[in-house]
Amino acid sequence: MKICATMKKFPGGMMVIPLVIGCLVNTFIPQCLQIGGFTTALFKSGQATLVGLFIFCSGATINVKQVGQPLYKGAVLTILKLVIGVIIGYLLNMAFGPAGILGLTPFAVISAVINSNGAIYTALAKEFGDDTDMGAIAVLSLNDGPFLTMIALGTTGLASIPVIDIVAAIIPLIIGMILGNLDSDFRELLSKGLNMILPVNGFVFGANISLMTIAAAGVSGVILGLVTVFCTGVLTYIIYSAIRRKPDPMGMAIGTVGGNAVATPAAVAMSDPSLEPYVESATAQTAAAVVITAILTPLLTGFVSRMADKKAGSKGKAK
């Protein structure tokens with residue numbers, strides 16, 4: 001049976017499909033997840049451990065030897081993604097408060113928008129970019145996990161995040177990065193671990209939300225996806241192209257929400273319990289945004305790339 005291959009055909013499927021399954025189990029037969037022992041520890045209450053393990057493995061994929069253009073491109077894209085996401089969340093909080101509008105909270109926006117889908121970026125870089133664009137993923141990987149979200153929420157005053165919790169969130173990434181750079185075999189081993197953790201992570205987070213929550217997040221989740229695509233995709237494309245002094249489709253390629261961002265709301269709420277009431281809806285909205293952005297971003301990246309090639313061709317003929 002081609003279960004894994006089928007899941008990969010869906011946008012963010014390796015995270016989103018297990019999340020939906022976990023949600024269905026938790027909604028209709030929750031007692032299956034509450035029998036205790038290893039079953040409950042893994043499939044119901046293992047959120048913190050699984051997120052920490054994911055961050056640890058993500059760190060191993062960051063190659064510090066990649067300098068120059070990959071470092072420059074990755075840093076610019078990461079900063080643009082972070083700054084735009086923080087501005088949107090902060091303005092939303094100023095205008096409507098922590099509860100947001102249309103069910104969309106500043107917490108959910110920042111948790112989702114500043115996180116990009118590394119797999120989609122890499123695939124688009126292979127098609128529309130060059131080797132330096134692909135190398136930029138080493139820096140872009142920094143937005144995997146909750147620590148950039150924690151920094152953003154803490155510095156803007158949208159959450160009360162102790163400094164020690166931010167340090168604790170980044171330590172697994174640093175340890176993974178050290179091991180991955182000291183030993184290429186470790187990098188290969190841990191990078192493969194990412195694929196294994198993703199579906200389990202998805203199920204666990206689904207097992208902690210209800211079907212009603214996902215249904216309620218439908219419209220707001222779509223809005224979150226569209227905000228991400230047009231604000232951190234289209235807007236980043238415009239700014240990044242201006243910085244690069246030429247149309248560069250890789251600015252559009254970060255207009256996604258990564259599947260692992262589904263884990264961020266719960267992880268951040270562990271540091272600031274006041275955010276706990278928003279975790280279920282933010283998780284469901286993020287899951288919806290993962291799918292929306294995974295569909296639209298590749299289409300728009302291809303479109304702006306064709307436009308850039310057409311423009312370059314016109315200039316060449318004019319000369």
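What counts and how
- Residues numbered from 1 in each chain as written.
- Predicted model: local features only at pLDDT ≥ 70, side-chain atom pairs only at ≥ 80, totals over all residues.
- Heavy atoms only, no water.
- pLDDT = per-residue confidence, 0-100.
- Helix = DSSP H or I, 4+ residues; strand = E, 2+ residues; numbered from the N terminus.
- Axes fitted to C-alpha atoms, helices over the stretch in contact; angles between N-to-C directions.
- Parallel < 35°, antiparallel > 145°, perpendicular 65-115°, else oblique.
- Contact = heavy atoms within 4.5 Å.
- Buried < 20%, exposed > 50% of the residue type's maximum accessible area, 1.4 Å probe, protein only.
- Left-handed = near helix turned anticlockwise from the far one by under 90°.
- Nonpolar A, V, L, I, M, F, W, Y, C, P; charged D, E, K, R; others polar.

Turning next to the confidence of the model for the protein chain. Mean pLDDT over the protein chain stands at 83; residues scoring 70 or higher make up 94%. Mean pLDDT per element in the protein chain: helix H13 (residues 211–216) is the minimum at 68, and helix H14 (residues 218–244) is the maximum at 91.

Where helix H11 (residues 163–182) meets helix H12 (residues 184–206), the closest approach of the two axes is 5 Å, and the angle between their N-to-C directions is 130°. Here H12 runs oblique to H11, going by the angle between their axes. Across the interface between the two elements, Leu179, Gly180, Asn181 and Leu182 from H11 touch Ser184, Phe186 and Arg187 from H12.

In this fold, Thr256 is placed in the loop between H14 and helix H15 (264–269). Among the residues examined, Thr256 registers a relative accessible area of 0% and is labelled buried. Setting aside anything within four residues of it in sequence, one finds Thr256 in contact with Lys81, Asn115, Ser116, Asn117, Ile120, Thr228, Thr293 and Thr297.

Helix H10 (residues 147–156) packs onto helix H5 (residues 69–96) with a crossing angle of 45° between their chain directions and a minimal axis gap of 11 Å. For the element pair H5 / H10, the angle class is oblique. Helix-helix and strand crossings are classified by hand; for H5 and H10 the assignment is right-handed. Contacts between H5 and H10 involve Thr78, Leu82, Val86 and Tyr90 from the first element and Leu148, Ala152 and Thr156 from the second. In the contact of H5 with H10, the residues fall into five nonpolar, two polar and no charged.

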